[in-house]
Amino acid sequence: MNHAALAAFVTGLLLAAGPARGESPPDSPEVALKRVNLLVRDMERSLAVYRDILGFRVFQCSDSGPQSFSYPVFRLPAQAKLRFCTLDSSTEVRALALTQVTGIELPAAPSPHLSAPVIRVGRIDEVLARLKAAGLDVVEPRRSKTAEGREFTELAFTDPDGHLVVLYQLD
């Protein structure tokens, strides 16, 4: 598996360019980001972060068959075994997906990171304490302002599979 190609594909999905603010592309339907799908090595270890620390709720988990779209999308070989789990946020059904990949070795995460989901959380201080207690690598919080002048706290962490995740809490 070519890690650079996979990272470029995922980054492209996350960062696809759109029209200027307030403009709609001509003759195209409304655009909406449905979810981010992260490849993971161990579903339970990942759920301990995304469900138990961040607060996502499991919508559904199931084994994926050999015809799964994830094989060509992520360029996974046929010997890989997949388990797919979707997670709900407090505002969106199936907002995040985790795909456990076994039977092959997943590459190490690149450095520098190539992409990151950005997730709004409540009680960021509690989440930070739980991330640290879990032994995850954390970029310490800082205060900032939105383009509209609203203050917020942001932090980042690296999950057990090397995915960079940015968290924020609006004041």
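Rules and cut-offs
Residues numbered from 1 in each chain as written. Predicted model: local features only at pLDDT ≥ 70, side-chain atom pairs only at ≥ 80, totals over all residues. Heavy atoms only, no water. Disulfide = S-S within 2.5 Å. Helix = DSSP H or I, 4+ residues; strand = E, 2+ residues; numbered from the N terminus. Phe/Tyr/Trp six-rings, centres within 6.5 Å; stacked < 30°, edge-to-face > 60°. Buried < 20%, exposed > 50% of the residue type's maximum accessible area, 1.4 Å probe, protein only. Lys NZ or Arg CZ within 6 Å of the ring centre and 35° of its normal. pLDDT = per-residue confidence, 0-100. Contact = heavy atoms within 4.5 Å. Arc of directions from axis to C-beta. Pairing = 2+ DSSP bridges.

1. Brief notes about the state of the cysteines
(1) Moving on: Tallying each qualifying case throughout the model produces 1 disulfide.
(2) Moving on: There is a disulfide in this structure between C61 and C85, and the S-S distance comes to 2.2 Å. On the sign convention where negative is left-handed, the bridge of C61 and C85, at about -45° about the S-S bond, is left-handed. With C61 in strand β2 (residues 57–64) and C85 in strand β3 (residues 81–88), the pair connects residues that are 24 residues apart, well separated along the chain.

2. Quick look at the packing of aromatic side chains
(1) Moving on: Scanning all chains against the criterion turns up 1 aromatic pair.
(2) Moving on: Ring geometry for F152 against Y168: centres 6.2 Å apart, planes inclined by 80°, an arrangement best described as edge-to-face. One end of the pair, F152, is in strand β7 (residues 151–158); the other, Y168, is in strand β8 (residues 164–170), and 16 residues separate them in sequence.
(3) Moving on: What makes F152 buried here is its relative accessible area of 12%.
(4) Moving on: Residue classification places Y168 among the partly exposed positions, given a relative accessible area of 24%.
(5) Moving on: Against the face of F59 rests R94, its NZ or CZ located 4.8 Å from the ring centre.

3. Comments concerning the confidence of the model for the chain
(1) Moving on: Confidence in the prediction of the chain, expressed as mean pLDDT, is 88, and 84% of residues score 70 or more.
(2) Moving on: Between residues 1–19, whose pLDDT stays under 50, and residues either more than four places distant or in other chains, the model counts 24 contacts.

4. Here's the deal with helix α2 (residues 43–50)
(1) Moving on: Taken together, the buried positions of α2 are occupied by M43, S46, L47, V49 and Y50. Down the axis, α2 shows its buried residues gathered within 155° of arc, on one side only.
(2) Moving on: Those residues of α2 hidden inside the fold are in contact with β1 (36–40), β2, β3, β4 (96–102), β7 and β8.

5. Section: helix α4 (residues 124–133)
(1) Moving on: Here α4 has its buried residues at I124, V127, L128 and L131. Seen from one end, α4 has its buried residues packed into an arc of 100°, which puts them on one side. Turned more than 90 degrees from where α4 packs its buried face, D125 and A133 sit exposed.
(2) Moving on: In this fold, the buried residues of α4 make contact with β6 (137–145), β7 and β8.
(3) Moving on: Positioned one or two residues after α4, G135 has a phi angle of 80°, which is positive.

6. Re the pairing of β8
(1) Moving on: As judged from the 3 bridges shared by strand β5 (residues 118–120) and β8, these two strands associate in the parallel manner. Each residue of the ladder has a partner; that of R120, found in β8, is Y168.
(2) Moving on: As defined by bridge partners, β7 adjoins β8 across 7 bridges and the pair is classed as antiparallel. Within β8, the position partnered with L155 by the bridge is L167.
(3) Moving on: What sits between the antiparallel neighbours β7 and β8 is a turn of 5 residues, in which G162 has the positive phi angle 90°.

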